[in-house]
2 protein chains.
Amino acid sequence: MASRKQVAEKAGVSVATVSYVLNDKPGVSDAVREKVRSAIDELGYKPSYAARALKTKKTNCLSVFVNYIGDPFEAGLLNTMEHRARELGYFIYFHTYQQEEEEDFRHYFAGRIDGLLLLGQSLKEETLRSLAAEGIPVISVMEPVRAEGLTAYIDIDWEAAMAAGISHLKTQGHRNIGFMANGGQEHPHERRTQAFLAVMKREGLPVNEGTLLYGEGRLEQAQEAMLRYIKDGMPGGHSAFMTASDLMAAGMLAACREARVPVPGKLAIVGCEDIMMTLHTTPAITVLHYPRPEIAALAVERMVGHLNGKPAASTRLESSLIVRDSSRLL
Amino acid sequence: MASRKQVAEKAGVSVATVSYVLNDKPGVSDAVREKVRSAIDELGYKPSYAARALKTKKTNCLSVFVNYIGDPFEAGLLNTMEHRARELGYFIYFHTYQQEEEEDFRHYFAGRIDGLLLLGQSLKEETLRSLAAEGIPVISVMEPVRAEGLTAYIDIDWEAAMAAGISHLKTQGHRNIGFMANGGQEHPHERRTQAFLAVMKREGLPVNEGTLLYGEGRLEQAQEAMLRYIKDGMPGGHSAFMTASDLMAAGMLAACREARVPVPGKLAIVGCEDIMMTLHTTPAITVLHYPRPEIAALAVERMVGHLNGKPAASTRLESSLIVRDSSRLL
DNA sequence: TTGTATGCGTTATCAA
DNA sequence: TTGATAACGCATACAA
């Protein structure tokens, strides 16, 4: 790789001048600018990001912790994040996050990225502290269960969203509503489960141990869990189910079809993300709409803003209920 | 961030000594090593990767071009790649690749990564040249349609795989076999389509314009394409279909169920990747097994080997046919 | 076994 | 409008 010095020599100028034209500084004569440009082209010169990062202490890189690369909900967020980041001049990468590996990650970022974006993960306090010490801000799309050390998060108002779903189901005559949850206390989906339970209680609807079913966030596992539940004679006696993710709603639906449980006749199903798939199942699945493009873009913008000195605030956007056939009796 | 100099001062040694213990060089007394270690801990010192990269001209980072983050087939590859890379001491990132953005990417890598991994994309010759000039090797899991400038690729032998599938279908009495293809000449799936056509010809089975159907690689689009084909009265007269991806096979199956076309009774379906989903559809889908963990790990190993001076060779692994209900008449 | 000194490719300050 | 030159944090050849 050609370096700046070689460019300077070839163009017959100093390295400083090369820098000026590369960074579009004013005060360089057109003639010199041209000379430098052509020297750059001829040598195929590219600036070294490593050197630049060392000097400026900015990498123009952002990282994102992804829970599972194949998840369509996350994919929708990531696409927008990637494009928005690129528009704002940032290079963005994705890594799979697994709790067991959190400590390994602590030493990975110094001098590699300017900021870390989360998809709802609850990082350990020590990780957050360590990141803060390195000057790496953390912003989350989706509110983590613990959010203390965080710079900001962007999410929807899950209680309002669940309330809309539950109220819709009530209108359809349901009272005994179950929920397919996912993961433990620190899981990104836990907020959804807690919101559901809070609203149920507030509405005076029955909540007990049988209310929660556990899928594993993936379609197939949810399908199996539901199949087992059906084979056990649906001990909860639910007439409707909400879920912590659309993929699990789709798995539920697949289980119902397999076990010949009519949806919505015998069981209504409501998902909560509005991934494209929910529109294409039979019946199409009623969902709480999660405005992924808006939220993903906002998270990136807040991060970039924060890196440029603008304080970043947490925000809860509104979601909306989209009623489809999986919960419509009439 | 504390720097190496501060660590040296605190420990009462020189910066060189700090370097020695950080890089586990021999020839440092245990007493000094201990002193340095505790100074590091107290200051919370982390080495700057930017500075290290500048000096060593190695970033210990690898990039992967992903076609679509939500794709379950690619997700399976990425998981293994990420873990294998981490085991080998490399930090790995994923980026979405879109052909339109290829030129933008050309200037992104110098001084940021040591190598680029592809998932079957056919990069433009100029991109490959530019990468080569920067000393960035390119290895692909899945053989690209154009593979000239590539360091190596790892893939299965698609002709052998397709031959196994076609021969299985022949055994079941099929002759008029269609194929759901995806994308154009440069698409990662094009090799699969070409292999299918080659084997069909070799076997003396009918190939004409009607043989190919086009999904868009995604389940929903394949479903819609198939639905249209069925509504048109299945003009190709096929009794079986193979596909360029499992997701499209699943979409086909969904369309058949929707349109009440019995599978495998009226139409046999064979996928080609063996993603988990194919095991959970009804009926389960016959597939050509793509050994994703092996291939993904091998690609990373070849890359790391190459970076350490071992020449990397291209390899075609064997695949196997897994017969399930979607193609079994008996 | 440890320290000194140099350079990696930038950016930025200060002179010219 | 341009040019010297000093950092940035690290690795390493060489000296001690």
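Calculation rules
- Residues numbered from 1 in each chain as written.
- Chains lettered and ligands numbered in written order.
- Predicted model: local features only at pLDDT ≥ 70, side-chain atom pairs only at ≥ 80, totals over all residues.
- Heavy atoms only, no water.
- Contact = heavy atoms within 4.5 Å.
- Buried area = accessible area lost by both parts, 1.4 Å probe.
- Salt bridge = Lys/Arg side-chain N within 4 Å of Asp/Glu carboxyl O.
- Near = heavy atom within 4 Å.
- Polar contact = N/O pair within 3.5 Å; in protein donor to acceptor, adjacent residues only side chain to side chain.
- Helix = DSSP H or I, 4+ residues; strand = E, 2+ residues; numbered from the N terminus.
- Buried < 20%, exposed > 50% of the residue type's maximum accessible area, 1.4 Å probe, protein only.
- Pairing = 2+ DSSP bridges.
- Right-handed = clockwise from strand over helix to strand, strands pointing away.
- Nonpolar A, V, L, I, M, F, W, Y, C, P; charged D, E, K, R; others polar.
- Domains from an automatic or database assignment.
- Least-squares fit on C-alpha atoms with pLDDT ≥ 70 in both.
- 1 Å grid on protein atoms, 1.4 Å probe; cavity = no way out; pocket = protein on both sides within 12 Å on 5 of 7 lines; lining within 4 Å.
- Points joined across faces, edges and corners; volume = space filled by probe spheres on them.
- Expected span 1.5 Å × (residues − 1).
- Core = buried A, V, L, I, M, F, W, Y, C linked by side-chain atoms within 4.5 Å.
- Axes fitted to C-alpha atoms, helices over the stretch in contact; angles between N-to-C directions.
- Parallel < 35°, antiparallel > 145°, perpendicular 65-115°, else oblique.
- Left-handed = near helix turned anticlockwise from the far one by under 90°.

### Comments concerning the interface of chain A and chain B
Across the boundary between the two partners, chain A contributes 47 residues, which contact 47 residues of chain B. Here chain A packs against chain B, burying approximately 4600 Å² in sum over the two surfaces, 58% of which is carbon and sulfur. Between the two partners, chain A and chain B, sit four salt bridges. Between Glu134(A) and Lys46(B) there is a salt bridge, with the nearest N and O atoms lying 2.3 Å from each other.

### Some words on the protein's contact with DNA strand C
Within the structure, DNA strand C sits among 26 residues, and Arg4(A), Tyr45(A), Thr17(B), Val32(B) and Lys55(B) are positioned closest to it. With respect to DNA strand C, the backbone of Ser48(A) contributes an N or O atom lying 2.9 Å from a phosphate oxygen. Between DNA strand C and Tyr20(B) there is a distance of 2.7 Å, counted from a base oxygen to a side-chain nitrogen or oxygen. For the surface near DNA strand C, the elements supplying multiple residues, two or more each, are helix 2 (15-22) and helix 4 (49-56) of chain A together with helix 2 (15-22) and helix 4 (49-56) of chain B. Counting residues per element, the surface near DNA strand C draws most heavily on helix 4 of chain A, which supplies five residues.

### Section: the pairing of strand 4 (residues 138-141) of chain A
Residues and elements named next belong to chain A. Where burial is concerned, the two faces of strand 4 agree: the one with Val-138 and Ser-140 and the one with Ile-139 and Val-141 are both buried. In this sheet, strand 4 lies alongside strand 3 (residues 115-118) in parallel orientation, the contact comprising three bridges. Among the inter-strand pairings, Leu-116 is bridged to a residue of strand 4, identified as Val-138. Between strand 3 and its parallel partner strand 4, the chain crosses via helix 7 (residues 125-133), and the hand of that crossover is right-handed. One ladder, built from three bridges, connects strand 4 with strand 5 (residues 152-156); its direction is parallel. Residue pairing for strand 5: Ile-139 is matched across the bridge by Ala-152.

### Some points on the protein's contact with DNA strand D
The environment of DNA strand D is made up of 28 residues, and the closest members are Thr17(A), Val32(A), Lys55(A), Arg4(B) and Tyr45(B). Note that a phosphate oxygen of DNA strand D is positioned 3.2 Å from one of the side-chain N or O atoms of Ser19(B). Residue Arg52(B) places a side-chain N or O atom 2.7 Å away from a phosphate oxygen belonging to DNA strand D. Secondary-structure elements contributing two or more residues to the surface near DNA strand D are helix 2 and helix 4 of chain A together with helix 2 and helix 4 of chain B. Here the surface near DNA strand D is composed, by residue class, of twelve nonpolar, ten polar and six charged.

### Considering the domain arrangement of chain A
Partitioning chain A into structural domains gives domain 1 (4-47), domain 2 (58-156 + 292-319) and domain 3 (158-289). Centre-to-centre separation of domain 1 of chain A and domain 2 of chain A, based on C-alpha positions: 36 Å.

### Remarks on the relation of the copies chain A and chain B
Mapping chain A onto chain B calls for a screw motion: a turn of 180 degrees about the axis and a shift of 0.0 Å along it, with 0.1 Å RMSD after fitting. This pairing of chains is accounted for by a two-fold axis. Every residue of chain A has its C-alpha some distance from the rotation axis, and the shortest such distance is that of Gly70(A), at 2.2 Å. The residues that chain A uses at the interface reappear at the interface of chain B in 100% of cases, marking a shared surface.

### So, empty space enclosed by the protein
Under the definition given, this model contains two cavities of 30 Å³ or more. As for the largest cavity, its lining consists of 16 residues, of which Gly111(A), Arg112(A), Tyr93(B), Gly111(B) and Arg112(B) are closest to the centre. Elements that contribute at least two residues to the lining of the largest cavity include exactly helix 4 of chain A together with helix 4 of chain B. A per-class count over the lining of the largest cavity returns ten nonpolar, four polar and two charged. Approximately 40 Å³ is the volume attributed to the second largest cavity. Around the second largest cavity, the lining residues are Phe65(A), Glu102(A), Phe105(A), Arg106(A), Phe109(A), Thr127(A) and Leu131(A). For the lining of the second largest cavity, the secondary-structure elements that each account for two or more residues are helix 6 (102-105) and helix 7 of chain A.

### Focus: helix 12 (residues 292-307) of chain B
All names here are of chain B. With 16 residues, helix 12 should cover 22 Å at 1.5 Å per step; its first-to-last C-alpha distance of 23 Å lies within 8% of that length. Of the positions making up helix 12, those classed as buried are Arg-292, Ile-295, Ala-296, Ala-297, Leu-298, Ala-299, Val-300, Met-303, Val-304, Gly-305 and Leu-307. Taken together, the buried residues of helix 12 touch strand 1 (61-66), helix 5 (72-87), strand 3 (115-118), strand 4 (138-141), strand 5 (152-156) and strand 11 (315-317). Two residues or fewer after helix 12 comes Gly-309, characterised by a positive phi angle close to 100 degrees.

### Concerning the pattern of salt bridges
Residue and element names in this part refer to chain A. The final tally for this structure, using the stated rule, is 40 salt bridges over all chains. Arg-84 serves as the salt-bridge partner of Glu-87, at 2.5 Å between the closest nitrogen and oxygen. Here Arg-84 and Glu-87 lie together in helix 5 (residues 72-87), a separation of three residues that amounts to about one turn. By relative accessible area, Glu-87 is classed as exposed at 59%. Between Arg-146 and Glu-186 there is a salt bridge, with the nearest N and O atoms lying 2.7 Å from each other. Taken together, the residues span a long stretch of sequence, with Arg-146 in the loop between strand 4 and strand 5 and Glu-186 in the loop between strand 6 (177-182) and helix 9 (190-202) at a distance of 40 residues.

### Description of the nonpolar core
By size, the foremost hydrophobic cluster in this structure holds 161 residues, and its most contacted members are Met226(A) and Met226(B). When neighbours within four sequence positions are excluded, Met226(B) is seen to be in contact with Met180(B), Leu213(B), Phe241(B), Met252(B), Ala255(B), Cys256(B) and Leu267(B). Of all hydrophobic cores here, the second largest spans 36 residues; its members include Phe65(A), Val138(A), Cys61(B) and Tyr93(B).

### Here we look at the packing of helix 1 (residues 4-11) of chain B against helix 3 (residues 30-43) of chain B
All names here are of chain B. One can describe the packing of helix 1 onto helix 3 by two numbers: an axis separation of 9 Å at closest approach and a directional angle of 125 degrees. It follows from the interaxial angle that helix 1 and helix 3 lie oblique. With respect to the hand of their crossing, helix 1 and helix 3 are arranged in right-handed fashion. Across from Gln-6, Val-7, Lys-10 and Ala-11 in helix 1, the residues of helix 3 making contact are Lys-35, Val-36, Ala-39, Ile-40, Glu-42 and Leu-43. Across the contact of helix 1 with helix 3, the residue classes tally to six nonpolar, one polar and three charged.

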